Amino acid sequence: MSNADRHGLIAKAVRDSGNVTVHDLAELTGASEMTIRRDLDVLAAQGVLERVRGGARTLLLRGEEPPFALRANDSADAKRRIAAEVCAMIADGESVLLDSGTTCLEVARLLRERPVTVLPLSLQAIHVLGGTPGAATLVVPGGQPRAAEGALTGPLTLASLAALRFDTAVMGCCGLSAADGLTAYDLDDAAVKRAAITSSRRVILATDGSKLGHTAFAHVGPSTLLHTLVTDTTAPPDELAALDQAGTAVRTV
């Protein structure tokens, strides 16, 4: 494989996955890890990627949202563990604002048997909480669902959130870092997330480790808005340390 071909393969791998290790790139290209390190230095100097300890990450914002059905199968076990930890933090009798997304959907499945009041921000979670009679009290907001995603957005959703106050908001994210804060793929979704945080006394972010260290297109707010982050052990330790230092309590499962 020529240098140019190898560089092209490395650039594509970093762009597609966001973060890649030297070891993975060596296996992908068949080159030695020493060669890969030199390649990464060259590509970083050209502005193709950013060198990080042990590998590289993309300089591009993660601006395109993967389909909901595809995300639902990613890190499914980790999402269930995260959901269980989040639910253990919620007391009976609380009012809970539940964000859209696949991890928050797992939270909905656990909360439907709890004596809590839940306002979900996605059609999927509304279906879960309302499909089978349980202990939870379901409150349905207005809004327009985003195609394929089912996330509720728009002025009716914002008006619903402005009219209510919640003990806890359980939020999802598209990206989170100590430097860039909480981000979303969609401007309307970012507006709903900001309104949800404003309407809640406590904010818990529930996300697997793949979202940490990434930045999406639409800025929601700084990481200091989050009281607690619940994630899994795949989260980058340096990012967790930075978030903890900034004031967000971190729990890993």
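Above this note sits the structure.
On a predicted model such as this, the values are computed, not experimentally measured, just so you know. (Residues numbered from 1 in each chain as written. Predicted model: local features only at pLDDT ≥ 70, side-chain atom pairs only at ≥ 80, totals over all residues. Heavy atoms only, no water.)

S.K.: What is the right way to look at the pattern of salt bridges in this model?
M.R.: Between side chains of opposite charge, a pair can form as their charged atoms come close. Inspection of the entire model under this criterion finds 11 salt bridges. With a shortest N-O distance of 2.8 Å, Arg109 and Glu106 are connected by a salt bridge. One end of the pair, Arg109, and the other, Glu106, are both in helix H6 (residues 102-111), 3 residues apart, so they sit about a helical turn from each other. Arg109 gets classed as partly exposed once you look at its relative accessible area, which sits at 35%. A salt bridge links Asp189 to Lys193, with the shortest nitrogen-to-oxygen separation between them at 3.7 Å. One end of the pair is Asp189 and the other is Lys193, both in helix H9 (residues 187-198) and 4 residues apart, which spans about a single turn. By relative accessible area, Asp189 is classed as buried at 5%. By sharing partners, the salt bridges in this structure join Asp99, Asp189 and Lys193 into a single network. (Salt bridge = Lys/Arg side-chain N within 4 Å of Asp/Glu carboxyl O. Helix = DSSP H or I, 4+ residues; strand = E, 2+ residues; numbered from the N terminus. Buried < 20%, exposed > 50% of the residue type's maximum accessible area, 1.4 Å probe, protein only.)

S.K.: Could you clarify how one ought to interpret the packing of helix H8 (residues 155-162) against H9 in this entry?
M.R.: Angle between the axes and distance between the axes: these two values describe a pair of packed helices. Where H8 meets H9, the axes come as close as 9 Å, and the angle between the chain directions of the two elements is 10°. In terms of orientation, H8 and H9 fall into the roughly parallel class. Packed against H8, whose contacting residues are Thr157, Leu158 and Leu161, the element H9 presents Ala191, Val192, Ala195 and Ala196 at the interface. (Axes fitted to C-alpha atoms, helices over the stretch in contact; angles between N-to-C directions. Parallel < 35°, antiparallel > 145°, perpendicular 65-115°, else oblique. Contact = heavy atoms within 4.5 Å.)

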